[in-house]
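Chain by chain, the residues run as shown.
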Amino acid sequence: MDGSYVELSSFARRKSDLTSSRTSESAGTPRLPVFLIMAVLLMGGLAIDSFVLRLHPTTEMLMHPNVWLLLGAFAVTEAVVLHVELGKNAHSVSMSELTLTVALFFLPLAILAPVRLVGGCIVLFIVRRQRPLKLMFNACVWVCDVAIATVVFQSLHGSLDNGPAHLVVPALAAALAAATVDSLAVNAVIAATSHEVRFRRTLGFLRTCLIEGLACSTLALVCVGAVAWSPGLIAPVFISTALVMVGFNLYNRLRKQHTNVNVLYDFIHELNRDPHGLAVVRALLVRVADLLRAEDVVLYMVTPKEDQLTTTRLDSDDAPMTWAVHRSEVPALVLDALDSARPVIVRETDRNVAHRLFLTKYGARDALIAPLKGEQELRGVLVVSDRQGDVSTFSADDGLLLQTLASHAGAALSNARLVDRLNHESLHDSLTGLANRAYFHQRLEQVLEHGPVRSAVLLMDLDRFKEVNDTLGHHHGDLLIKEVARRLATQVRGGDLLARLGGDEFAVLMTGVEQDDVVATAERVRGALAQPMMLQGVSMEITASIGVVLAPDHGTDAPTLMQRADVAMYTAKHQYTGVQVYEAAHDEYSPRRLTLAGNLRSAIEDRQLSLRYQPQARIKDGVILGAEALVRWEHPTYGEVPPDDFIAIAEQTGQIRELTRVVLDDALQACASWAAAGTPMSVSVNISVRNLLELDLADTVAELLERHGVPGSHLTLEITESHIMADPARTTQVLHALARLGIRISIDDFGTGYSSLAYLKELPVTEVKVDKSFVRDLSEGNDDAAIIRAIVQLARALRLEVIAEGVEDENAQRLLQELGCDGLQGYHLARPMKPLDFATWIKGRPTASRRAPLRALPTPRPAGDNSTATNSTQTLSSR
């Protein structure tokens, strides 16, 4: 066995780590360890020949009749090679040990080494065209192993004349000694060039070499014995040997086909197990390199850019590395293969100029090029180069196998592209290409799981986007969304995630930020969107409302953060602030609010609600006119709940009807008790807009008045201006029904809402209450004084009573009296009190029952009637 032909595939796919004579010589600097090993082998062999064997070749020896015969035998056995694949290791076994064993018996030992060198080098140089460095290494190995084999043979007195003991043992020992030298030499080169020594691999390799050497030397002994017995027997021996070699080659081919089928099955199974693109490429490159025993495998793929291709090869850890190359840097044969349907084999012996240019440019000894094609215009080329070992090169069967692997890989890559595209589409918006809601939630959860990095979510909604769609159509709406996405992408940081959650809603995920940075980013985004944009000749200006939440300040999980970002965004939209950081006070959907909503019904049914009474007095003499009933809720968990919190819940949940009836019932009961105690006065109760939409409200109030024996004039129902305008026709009908019961109607928070004076003059209103926002900072000559004066003048013209809320000091009372207000309510008079406290407070104070101003009220018109109101009037009472 010739050790130079053995290559270990464990060094495959590591082109940078391989020691190849081609690489070394092309660089012009062979590695020093290889030369040192060659020097040791050569000097050792020559030293043994000169000083141990004392061989002195002469020219007369060249005339020996067996010289030329054995020289030819060395050449033939060097050319005839058996390729054996054991696991991942490939061995190229020559029959040179057979000729060496025969030559020990039939050739002068002094010229054995020269004959071995000449016969072997002729084949390596002329037939195989082995490179100089490797040819030199093989020559040095032969000099040494011939010398060692000769020493062993002579030491054991090998001869044909002294019986089998001097025939068999010396020959076998000599052949095994030569095989050991070959094995150790090859392993020494591998260890020196790879900078690692693997004893288990070395021992396994040595065992294989000894077995092969033993087999060759045994066959050689058969030949020697046959010749010694009768020279005519050599013919059948050679014929038998040739038949064995032919049979072995056929078996080896069948075994290789079986192995290829198994590899193909494993490859397809691996593709099905992990169908992603990167996994497919890695499996393809690894399998091809192992199966074809190639030092380098490269995959070229066509890209959308016409002048570029991607190049992928494996690194030392079998991980795919991909980079782009210009078409001008790609060999012509590779570009030609893109449009080909068959693989191309490129060898050093080819006379084709294009093949030679490819090997020169690619820096390879041989190569196999196969096209890779799939659906969706997927095209590529597989280039497999540098078959391990110098004896064999790529064959047509290898090309067919590579083409089969490439076909399966092409189909797998097409499927992987389809899967990747579907995955991308499932996680990205089709209009803008941004991440969608699902991907945004996924990334947000990942960021929160890898805390404690401070992160933030900006949730933005375009203002008046529906107007764009309704006015200009959805086409312009899509153009606007694309332009918004483009502008947003220019305002966020590189590591931020920008997503379109749907419609005109966008979100940004930021990490490693503080609140000031997030707010600054939000303001910058709004500024960029506010710039006019021209879309197909139409100029548009758009604004956005942005809600901001930060983790962990406002939540530690994705659903909570997104819900609170939504609350902040709608707060910004309704309050026209543009940017709003989440505040719990603005959250109508907080856990506290949900708890209150769940407990409110039982609180109403069990009469857990209570009333506080705040007195109202005539401003000129301090006579108590009545009191406003203010509802309170003492919650067992949250304590006293402000009315604004649970009244809004009652309106949203539909419980405001029951709540209003409970409040009216308690307030009228208190009013009756005041009258019974000799201090008759009216009571005011606030009602909701939903109450005003109940056509049976007047019937319910009449029933309660009758139950408690309270005249209608002692009850005042307070409503706001916005309540009136919610449904003017229906509200007017309900208010007139209440007025017919003698009930006073008061407009609360007058001046802060919006109302139509045309409706106001037709409603049975008896008083207006000036909102405390105009009273709080009241001073002589300021705008608040002017507004109050205007309200008083309007009320006088409509013959309405004016009550000022929020009076907190003597100066405000004095100014309000000068401005013409009729009554006051506020802390300056008294704070809201519990029923017993109020009853105690009222004792001894002058009281008076309210009287409505003299006012002519028009008969309500039927809904839809736009004619002038009739002159029929109804007098409620006189002042």
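Everything that follows concerns the structure shown earlier in this document.
The rules behind these values
- What you see as residue numbers is a count from 1 along each chain, following the sequence as written.
- Local features in this predicted model are restricted to residues whose pLDDT is 70 or higher, and side-chain atom pairs enter the listing and the counts only when it is 80 or higher, whereas totals over whole chains, interfaces and linings include all residues.
- Side-chain numbers here rest on the full set of heavy atoms in the structure, without hydrogens or water.
- For the purposes of this entry, the term helix denotes a DSSP run of H or I that reaches at least four residues, the term strand denotes a run of E that reaches at least two, and both are numbered from the N terminus.
- Relative accessibility decides the category of a residue: with a 1.4 Å probe and only protein chains considered, values under 20% of the type maximum give buried, values over 50% give exposed, and everything between is partly exposed.
- Contacts are assigned to residue pairs that have any heavy atoms within 4.5 Å of one another.
- Here the Shrake-Rupley method, with its probe set to 1.4 Å, supplies the accessible areas, and only the displayed protein chains count as covering residues.
- Strands qualify as paired when DSSP identifies two bridges or more between them.
- Interaxial angle, 0 to 180 degrees, is taken between N-to-C directions of lines fitted to C-alpha atoms, where a helix line uses only the stretch in contact.
- Only Phe, Tyr and Trp rings take part, Trp by its six-membered ring, and two of them pair if their centres are within 6.5 Å. Stacked means planes under 30 degrees apart, edge-to-face means over 60, and tilted covers everything else.
- Here, a charge over a ring means that NZ of Lys or CZ of Arg falls within 6 Å of the ring centre while also lying within 35 degrees of the ring normal.
- Here the word oblique covers every angle except those under 35 degrees (roughly parallel), over 145 (roughly antiparallel) and from 65 to 115 (roughly perpendicular).
- Whether a crossing is left-handed or right-handed is set by the direction in which the near helix is turned from the far one by less than a right angle, anticlockwise for left-handed and clockwise for right-handed.
- Each residue receives one of three labels: charged for Asp, Glu, Lys and Arg, nonpolar for Ala, Val, Leu, Ile, Met, Phe, Trp, Tyr, Cys and Pro, and polar for the others, Gly being one of them.

**Structural notes on the overall build of the chain**
Argument step 1. Across its full length, the chain carries 30 helices and 26 strands.
Argument step 2. Taking all 879 residues of the chain together, the buried fraction comes to 49%.
Argument step 3. The contacts in the chain between residues at least 6 apart in sequence include a share of 68% that link residues at least 24 apart.
Argument step 4. Here the chain displays about 41,400 Å² of accessible surface, and carbon together with sulfur accounts for 57% of that area.

**Things to note about the sheet that holds strand β6 (residues 344-346)**
Argument step 1. One open sheet accounts for six strands, arranged β5-β4-β3-β8-β7-β6; its pairing is antiparallel. If you trace the sheet from one side to the other, it starts and ends with β5 (320-326) and β6, each paired once. For this sheet, the mean inter-axis angle between neighbouring strands, taken without regard to orientation, is 20°.
Argument step 2. Pairing geometry for strand β3 (residues 294-302) and strand β8 (residues 379-387), over seven bridges, is antiparallel. The residue of β8 that forms the bridge with L299 is L382.
Argument step 3. Strand contacts of helix α13 (residues 396-427): β3, β6, β7 (367-373) and β8, with the helix running at about 30° to β7, the strand carrying the most contacts.

**Quick notes on the packing of aromatic side chains**
Argument step 1. With the rule as written, the count across this model stands at seven aromatic pairs.
Argument step 2. Arranged with centres 5.0 Å apart and planes meeting at 15°, the rings of F358 and Y362 form a pair that is stacked. One end of the pair is F358 and the other is Y362, both in helix α12 (residues 353-362) and four residues apart, which spans about a single turn.
Argument step 3. The exposure class assigned to F358 is buried, which follows from its relative accessible area of 3%.
Argument step 4. Note on Y613 and W674: the rings are 5.3 Å apart at their centroids and 80° apart in plane angle, and the pair reads as edge-to-face. Note that Y613 is positioned in strand β16 (residues 609-618) and W674 in helix α21 (residues 656-676), a separation of 61 residues in sequence.
Argument step 5. Taken together through their ring pairs, the aromatic side chains of Y613, W674, F838 and W841 make up a single cluster.
Argument step 6. One residue, R831, lies across the ring of Y827, its end atom 3.9 Å from the ring centre.
Argument step 7. R845 extends its terminal NZ or CZ atom over the ring of W841, reaching a point 4.0 Å from the ring centre.

**Here's the deal with the pairing of β3**
Argument step 1. Among the nine residues of β3, nine are classified as buried, and the element is accordingly described as predominantly covered.
Argument step 2. Both β3 and strand β4 (residues 308-314) contribute to a ladder of four bridges, which runs antiparallel. Bridge assignment links Y300 to a residue of β4, and that residue is T311.
Argument step 3. The hairpin turn running from β3 into β4, its antiparallel successor, is five residues long.

**Here's the deal with the packing of helix α23 (residues 697-708) against helix α25 (residues 728-739)**
Argument step 1. Here α23 crosses α25 at 25°, and the two axes come no closer than 9 Å. Considering the angle they form, α23 stands roughly parallel to α25. The chirality of how α23 crosses α25 is right-handed. Contacts between α23 and α25 pair L697, A698 and V701 from the former with V734, A737 and L738 from the latter.
Argument step 2. Tallied by class, residues from the contact of α23 with α25 come to six nonpolar, no polar and no charged.

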